[in-house]
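# Chain and residue survey
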Amino acid sequence: MLNSLEDAVVVITGASSGVGQATAEAFARRGSKLVLAARDAAALHEVARTCRELGAEVLVAPTDVTDADAVKDLARKAMSFGKIDVWFSNVGVGAVGRFEETPIEAHEQVIRTNLIGHLNDAHAAVPIFRKQGHGIFINMISLGGFASAPFAAAYSASKFGLRGFSEALRAELADERDIHICDVYPTFMDTPGVGHGANYTGRRLSVPPPVYNARRAARAIVRLAERPRNSLTVGLVADLTRFAHFVAPNMTPRLMAKLTSRYLSRAPRVARSHGNLFRAPAEPGGIDGGLRSSRRVPVATTAAVCVLGIAVAALVLGKSRAPVGRGRSSVARLFRRA
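Residues numbered from 1 in each chain as written. Predicted model: local features only at pLDDT ≥ 70, side-chain atom pairs only at ≥ 80, totals over all residues. Heavy atoms only, no water.

## Brief notes about the nonpolar core
Counting residues in each nonpolar core, the largest one holds 41 residues, and the members touching the most others are Phe27, Leu34, Leu36 and Ile138. If one sorts the elements of this core by residue count, helix H7 (residues 214-226) sits on top with eight residues. Grouped together as the second largest cluster of nonpolar side chains are 34 residues, Ala124, Phe137, Phe146 and Ala238 included. (Core = buried A, V, L, I, M, F, W, Y, C linked by side-chain atoms within 4.5 Å. Buried < 20%, exposed > 50% of the residue type's maximum accessible area, 1.4 Å probe, protein only. Helix = DSSP H or I, 4+ residues; strand = E, 2+ residues; numbered from the N terminus.)

## Here's the deal with the pattern of salt bridges
Scanning all chains against the criterion turns up eleven salt bridges. Here Asp73 ties to Lys77 by a salt bridge, and the two come within 3.4 Å at their closest N and O atoms. You can see Asp73 and its partner Lys77 sitting in helix H3 (residues 68-78), four residues apart, about one turn around the helix. For Lys83, the salt bridge is made with Asp85, and the minimal N-O distance between the two is 3.2 Å. Given the relative accessible area of 29%, Lys83 is considered partly exposed. By relative accessible area, Asp85 is classed as buried at 3%. (Salt bridge = Lys/Arg side-chain N within 4 Å of Asp/Glu carboxyl O.)

## Details of a positive patch on the surface
Residues Arg216, Arg219, Arg223 and Arg229 make up a contiguous surface patch of positive charge. Mapped onto the elements, Arg219 comes out in helix H7. (Patch = residues over 30% accessible without salt bridge, like charges linked within 9 Å, V, L, I, M, F, W, Y side chains within 5 Å. Areas by Shrake-Rupley, 256 points an atom, 1.4 Å probe, with all protein chains shown as cover. Lys, Arg positive; Asp, Glu negative; His and termini not counted. Charge placed at Lys NZ, Arg CZ, Asp CG, Glu CD.)

## Some points on the packing of aromatic side chains
What the rule picks out here adds up to zero aromatic pairs. A cation over a ring is seen here: Arg163 above Phe160, with NZ or CZ 5.6 Å from the ring centre. (Phe/Tyr/Trp six-rings, centres within 6.5 Å; stacked < 30°, edge-to-face > 60°. Lys NZ or Arg CZ within 6 Å of the ring centre and 35° of its normal.)

## As for the sheet that holds strand E3 (residues 58-60)
With parallel pairing, the seven strands of this open sheet are ordered in space as E3-E2-E1-E4-E6-E7-E11. Lying at the two open borders of the sheet, with one neighbouring strand each, are E3 and strand E11 (231-234). The average angle at which neighbouring strand axes cross in this sheet is 15 degrees, direction not considered. As judged from the four bridges shared by strand E4 (residues 86-89) and strand E6 (residues 135-140), these two strands associate in the parallel manner. Note on E6: the bridge partner recorded for Val86 is Ile136. Seen against the sheet, helix H5 (residues 153-172) touches E6 and strand E7 (179-186) and runs at an angle of roughly 155 degrees to E7. Lying over the sheet, H7 contacts E4, E6, E7 and E11, oriented at roughly 155 degrees with respect to E6. (Pairing = 2+ DSSP bridges. Axes fitted to C-alpha atoms, helices over the stretch in contact; angles between N-to-C directions. Contact = heavy atoms within 4.5 Å.)

## A short note on the packing of helix H4 (residues 104-132) against H5
A pair of packed helices is captured by two measures, namely the crossing angle of their axes and the spacing between those axes. Between H4 and H5, whose axes approach to 8 Å, the crossing angle comes to 15 degrees. Judged by the angle between their axes, H4 and H5 are roughly parallel. For the crossing formed where H4 meets H5, the hand is right-handed. For the pair H4 and H5, the contacting residues are His107, Val110, Ile111, Asn114, Leu115, His118, Leu119, Ala122, Val126 and Arg130 in the first and Ala154, Tyr155, Ala157, Ser158, Lys159, Gly161, Leu162, Phe165, Leu169 and Glu172 in the second. Its residues assigned to classes, the contact of H4 with H5 shows twelve nonpolar, five polar and three charged. (Parallel < 35°, antiparallel > 145°, perpendicular 65-115°, else oblique. Left-handed = near helix turned anticlockwise from the far one by under 90°. Nonpolar A, V, L, I, M, F, W, Y, C, P; charged D, E, K, R; others polar.)

## A closer look at the environment of Val222
Relative to the elements of secondary structure, Val222 occurs in helix H7. A relative accessible area of 5% places Val222 in the buried class. In the structure, Val222 is positioned 217 residues away from Leu5 in sequence and 8.7 Å away in space, judged by C-alpha atoms. In this structure Val222 touches Leu5, Ala26, Phe27 and Arg30, once residues within four positions along its chain are discounted.

Structure follows, in structure tokens:
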């Protein structure tokens, strides 16, 4: 636990837009010293300018996290402040499309960025944490870490793998009382990520409501820096999706696949694109992606009803398939586990 975020040294990868930019601004308001990393130098300098206006001391370090040596160099630059208190490993990319219609090099790049990139971050940060006796490593994962995303197979693989990596690393560091490995599982955020990502569907992409303000995730990350914990979900839908997947691990992704397929069949046509997989976006994205609706939606009620419906359907189907006399006990055991 940090005594204060004022003068804390915070490294943020993927800081050029979206949650990364929102988090940089949130730490800047708390007086932290920032080391901002991403591929897009111009976008980073814009974020740095805003953070300096908020009173922060900022170091800009353009970095591709898929390059382990570049990440080591990022850590060395950050140590010019004398320490690293928080490392927010935030880089993430996506490729949407049927598995076999998505180029294999796109699948590889998603894994390289979303999983290997985070390993590179940790491999640079953890030795510094051990030497100085403290440090907080925050992994941005997403609800994709416990509920697969059909039509984004490599993304799902990377997020499931990242969750496993965090658990393993946390176990290795269990005896280090002041070193923390924290995971963040947000629901859909209103960021430029969807528009920047690779799209092999030939259809315009969006995300289902509710979509949350990225600044909400940033506030949660700042709270993690103040009071570390193993994992944190952001948004009610993340919790409900996690529960639905626990109750109905087969039905939930199948339902998502059907809904996604139906959406794609009706969405406007667009050109297929590699997006930002292999190079930085042509235009900086900022924090917001323009995905939030101006109309108020009863989020909690709607989401709860959907998840309850999935859970009940799974239980009914499970009971109908179970041998006579076993259905009730199986249901009871399931709820005891939940």
